[in-house]
Amino acid sequence: MPVIKRVGATEIIALEDGAGPFFEPRGNAFPDATEAQWAAADAFDPASRTAEGGWWLKFRCFALRLEDGRVILIDAGIGPADSPAASWAPVPGALPAELAAAGIDPSDVDTVVITHLHTDHVGWAVVDQKPYFPEARYVLQRAEISAVDDLNPGLADSLLTPLRERGQLAPVDGEKRLAGAVRVLATPGHTPGHQSVLVRDGDDLVAVTGDLLVHPVQLLYPELAYAHEADTAIARDSRTRLLRELGERGGIVATPHLGEPFVNAGSAGAR
Ligand SMILES: [Zn+2]
């Protein structure tokens, strides 16, 4: 069942599309992590470790239900059995059932925010050349759209073209307010136009961070690079900056891949 967190009048609903092992040893994915850092990460988030010492990851999306009833979906998961992520991710995903369990019909979704153009984040965005969320605008950073040929050339035809043809592609540049309490901001590095979503109401603050960090070891040690980042230095800068800011304000991080959907951003300082 979906896990829900409230920020003022906004509900943040964690939707689990799937879970499975990573495709390579975790030491390859985080080559600079030490034994002590792995031990701390395992103690913090036991669900991210397989019995054999590998990386077990969740594939989550998040839905925001606003005070006025509008629904914003953040990321679109691994997708159906024949999705582009099928070569490595545990398809088919369960997002349709998760949305139904949360009382959300695909046509209720007003906005889809795609944090970045990796296959495990766009799986349900467009299915069989048709937008799965027929009434939604799809918000992407313009820098990400421009980088599609480097990131995944197939997504130009299978994802961007159908959205463009139906007038559903909504490019943005940097920070943009989507609703009173909700804004996107550019957090580049994992990919050139990676973005995150901030939900804020008074002192309550949650950041839905896409792949700004992909493993608990990067929450505890934000300086640690992930081997599949487009630009390691820029990614590190985005990650340390946002986690520090959130930590200082008592903010929460909502991620696709960690064992728990919501974690305290201050965990880095508490290690
Ligand atoms: Zn991912």
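In this text, all values refer to a predicted model and were calculated from it rather than measured experimentally.

## A word on the coordination of the zinc ion
Summarising the metal site, the zinc ion is bound by the protein donors Asp120 (OD), His121 (NE2), Asp211 (OD) and His257 (NE2), whose distances to it range over 2.0 to 2.4 Å. Coordination at the zinc ion is irregular, judged from the four donor atoms that bind it and the angles of 88 to 161° they form at the metal. The sequence pattern describing where the donors of the zinc ion fall on their chain is D-H-x89-D-x45-H. Of this pair, aspartate 211 sits in the loop between strand S13 (204–208) and helix H7 (216–220) while histidine 257 sits in the loop between strand S14 (252–254) and strand S15 (262–264), placing them 46 residues apart in sequence.

## Looking at the UniProt feature "domain: Metallo-beta-lactamase" (unreviewed entry) in the protein
UniProt's entry tags residues 60–257 with the feature "domain: Metallo-beta-lactamase" (unreviewed entry), counted in the numbering of this structure. Measuring from the first to the last C-alpha atom of residues 60–257 gives 7 Å, for a span that is 25% helix and 26% strand.

## Let's talk about the environment of aspartate 203
With respect to the helices, strands and loops of the structure, aspartate 203 is situated in the loop between strand S12 (195–201) and S13. Residue classification places aspartate 203 among the exposed positions, given a relative accessible area of 73%. Distance from aspartate 203 to histidine 118, taken between C-alpha atoms, is 32 Å for residues 85 residues apart in sequence.

## Overview of a negative patch on the surface
The grouping of Glu67, Asp68, Asp201, Asp203 and Asp204 at the surface amounts to a negative patch. Taking the relative accessible area as the measure of exposure, glutamate 67 reaches 70% and is therefore exposed.

## Here's the deal with the environment of alanine 39
Counting through the fold element by element, alanine 39 comes out in helix H2 (residues 35–44). Between the C-alpha atoms of alanine 39 and histidine 118, which are 79 residues apart in sequence, the distance is 29 Å.

## Some points on the sheet that holds S15
Strand order in the open sheet made by the six strands is S10-S11-S12-S13-S14-S15, with mixed pairing throughout. With one partner strand each, in any of the chains shown, strand S10 (176–179) and S15 form the two edges of the open sheet. When the angles between neighbouring strand axes are averaged without regard to direction, this sheet yields 25°.

## Side note on unusual backbone geometry
A cis amide bond links valine 91 with the next residue in sequence, proline 92, at an omega value of -5°. Its identity as a non-glycine residue notwithstanding, aspartate 128 has a phi of 55°, on the positive side. Position of aspartate 128 among the secondary structure elements: in the loop between strand S6 (126–127) and strand S7 (130–131). A positive phi angle, near 70°, is found at glutamine 129, a position not held by glycine. Looking at the secondary structure, you find glutamine 129 in the loop between S6 and S7.

## Thoughts on the pairing of strand S11 (residues 182–186)
Of all five residues in S11, four are buried, a share of seventy percent or more. Across three bridges, S10 lies against S11 in antiparallel orientation. Pairing of alanine 179 across the sheet is with valine 182, part of S11. Once S10 ends, the chain turns through two residues before running back antiparallel as S11.

## Focus: the nonpolar core
Within the largest apolar cluster, 32 residues are counted, with the highest numbers of intra-cluster contacts made by Leu15, Leu73, Phe133 and Leu159. Breaking this core down by element, the ones donating at least two residues are strand S2 (10–21), strand S3 (56–65), strand S4 (71–74), helix H3 (95–101), strand S5 (109–113), S6, strand S8 (137–141) and helix H6 (154–165). Here leucine 73 is in contact with Leu15, Cys61, Phe62, Ala63, Leu95, Leu99, Val109, Thr111, Val112, Val113 and Phe133, once residues within four sequence places are set aside. Ile12, Leu66, Val113 and Val172 belong to the second-largest nonpolar core, a separate cluster that totals 24 residues.

## Quick look at the layout of surface pockets
Empty space within the largest pocket amounts to approximately 250 Å³. Every residue lining the largest pocket is counted, 17 residues in all, and those nearest its centre are Trp88, His118, Thr119, Asp120 and Tyr226. Taken as a whole, the second largest pocket holds about 170 Å³ of empty space. In terms of lining, the second largest pocket is formed by 13 residues, of which the most central are Pro84, Val126, Val127, Asp128 and Ser158. Those elements giving two or more residues to the lining of the second largest pocket turn out to be S6 and H6. The dominant element in the lining of the second largest pocket, judged by the number of residues it contributes, is H6, at three residues. Here the residues of the lining of the second largest pocket are counted per class, giving seven nonpolar, four polar and two charged.

## A look at H2
Taken as a whole, H2 has its buried residues at Gln37, Trp38, Ala41 and Asp42. The buried side chains of H2 occupy one side of the element, clustering within an arc of 135° when seen end-on. Facing away from the buried side of H2 by over 90 degrees, the exposed positions are Glu35, Ala36 and Ala43.

Criteria and cut-off values
- Residues numbered from 1 in each chain as written.
- Predicted model: local features only at pLDDT ≥ 70, side-chain atom pairs only at ≥ 80, totals over all residues.
- Heavy atoms only, no water.
- Donors = N, O, S within 2.8 Å, 3.2 Å for Na, K, Ca; no water.
- Tetrahedral: all angles 85-135°; square planar, octahedral: opposite > 155°, others 65-115°.
- Helix = DSSP H or I, 4+ residues; strand = E, 2+ residues; numbered from the N terminus.
- UniProt positions renumbered as here; feature names shortened; annotations may be inferred.
- Buried < 20%, exposed > 50% of the residue type's maximum accessible area, 1.4 Å probe, protein only.
- Patch = residues over 30% accessible without salt bridge, like charges linked within 9 Å, V, L, I, M, F, W, Y side chains within 5 Å.
- Areas by Shrake-Rupley, 256 points an atom, 1.4 Å probe, with all protein chains shown as cover.
- Salt bridge = Lys/Arg side-chain N within 4 Å of Asp/Glu carboxyl O.
- Lys, Arg positive; Asp, Glu negative; His and termini not counted.
- Charge placed at Lys NZ, Arg CZ, Asp CG, Glu CD.
- Pairing = 2+ DSSP bridges.
- Axes fitted to C-alpha atoms, helices over the stretch in contact; angles between N-to-C directions.
- Core = buried A, V, L, I, M, F, W, Y, C linked by side-chain atoms within 4.5 Å.
- Contact = heavy atoms within 4.5 Å.
- 1 Å grid on protein atoms, 1.4 Å probe; cavity = no way out; pocket = protein on both sides within 12 Å on 5 of 7 lines; lining within 4 Å.
- Points joined across faces, edges and corners; volume = space filled by probe spheres on them.
- Nonpolar A, V, L, I, M, F, W, Y, C, P; charged D, E, K, R; others polar.
- Arc of directions from axis to C-beta.

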